[in-house]
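What follows is each chain in one-letter form.
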Amino acid sequence: MAPTLESSDLIDKIWEAFRRFPDDKRLRNRLVEEYMPIVRYNAEKIRQRLPEGIDLEDLVSAGAFGLISAIEAFDPARGVKFETYCVPRIRGAMLDEL
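Keep in mind it's a predicted model, so treat the numbers as computed, not measured. (Residues numbered from 1 in each chain as written. Predicted model: local features only at pLDDT ≥ 70, side-chain atom pairs only at ≥ 80, totals over all residues. Heavy atoms only, no water.)

### Points about the packing of helix α2 (residues 25–47) against helix α3 (residues 56–73)
Right, on to step 1. Relative to each other, α2 and α3 sit at 135°, their axes nearing to 8 Å. In this view, α2 runs oblique relative to α3, as classed from their interaxial angle. Both α2 and α3 take part in a crossing whose hand is right-handed. From α2, Lys25, Arg28, Leu31, Val32, Tyr35, Met36, Val39, Arg40, Ala43, Glu44, Ile46 and Arg47 reach across to α3, where they touch Leu56, Glu57, Leu59, Val60, Gly63, Ala64, Leu67, Ile68, Ile71 and Glu72.
Right, on to step 2. The class makeup of the residues in the contact of α2 with α3 is 14 nonpolar, 1 polar and 7 charged. (Axes fitted to C-alpha atoms, helices over the stretch in contact; angles between N-to-C directions. Helix = DSSP H or I, 4+ residues; strand = E, 2+ residues; numbered from the N terminus. Parallel < 35°, antiparallel > 145°, perpendicular 65-115°, else oblique. Left-handed = near helix turned anticlockwise from the far one by under 90°. Contact = heavy atoms within 4.5 Å. Nonpolar A, V, L, I, M, F, W, Y, C, P; charged D, E, K, R; others polar.)

### Some details on the confidence of the model for the chain
Right, on to step 1. In the predicted model, the chain carries a mean pLDDT of 90, and 94% of its residues have values of at least 70.
Right, on to step 2. Between residues 1–5, whose pLDDT stays under 50, and residues either more than four places distant or in other chains, the model counts 13 contacts. (pLDDT = per-residue confidence, 0-100.)

### A word on a negative patch on the surface
Right, on to step 1. Residues Asp55, Asp58, Asp96 and Glu97 make up a contiguous surface patch of negative charge.
Right, on to step 2. Position of Asp96 relative to the elements: it lies in helix α4 (residues 82–97).
Right, on to step 3. What makes Asp96 exposed here is its relative accessible area of 68%. (Patch = residues over 30% accessible without salt bridge, like charges linked within 9 Å, V, L, I, M, F, W, Y side chains within 5 Å. Areas by Shrake-Rupley, 256 points an atom, 1.4 Å probe, with all protein chains shown as cover. Salt bridge = Lys/Arg side-chain N within 4 Å of Asp/Glu carboxyl O. Lys, Arg positive; Asp, Glu negative; His and termini not counted. Charge placed at Lys NZ, Arg CZ, Asp CG, Glu CD. Buried < 20%, exposed > 50% of the residue type's maximum accessible area, 1.4 Å probe, protein only.)

### A short note on the side chain of Arg28
Right, on to step 1. Within the secondary structure layout, Arg28 lies in helix α2.
Right, on to step 2. A distance of 3.3 Å separates polar atoms of two side chains, one belonging to Arg28 and the other to Glu72.
Right, on to step 3. If near-sequence neighbours (up to four positions away) are discounted, Arg28 is found in contact with Phe18, Ile68, Ile71 and Glu72. (Polar contact = N/O pair within 3.5 Å; in protein donor to acceptor, adjacent residues only side chain to side chain.)

### Overview of the pattern of salt bridges
Right, on to step 1. According to the stated counting rule, one finds 6 salt bridges in the structure shown.
Right, on to step 2. One salt bridge in this structure joins Asp24 and Arg26, with 3.5 Å as the shortest N-O distance.
Right, on to step 3. The residue Glu72 makes a salt bridge to Arg28 at a minimum N-O spacing of 3.3 Å. One end of the pair, Glu72, is in helix α3; the other, Arg28, is in helix α2, with 44 residues separating them in the sequence.
Right, on to step 4. A relative accessible area of 15% places Arg28 in the buried class.

As structure tokens, then:
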């Protein structure tokens, strides 16, 4: 699932700026906005296998924390796409919340 960006050049520039200024919450939040569809998609997949009492939005909230953690810890020098790297962290945060 790709980010909702108009161009991949823009996401590359945001990542570049975030790597230079990792304490800039504005840049981090911009990345969170772009990758939230991945969180929602995974929350919906997990929710399908859970009992009725589990709220989808609770899973999305937990997944958002996993996404933030993934953004802050991501190292592009390892040669892995961010989308590949973040999914286990997002899903893990959701499952930890359960």
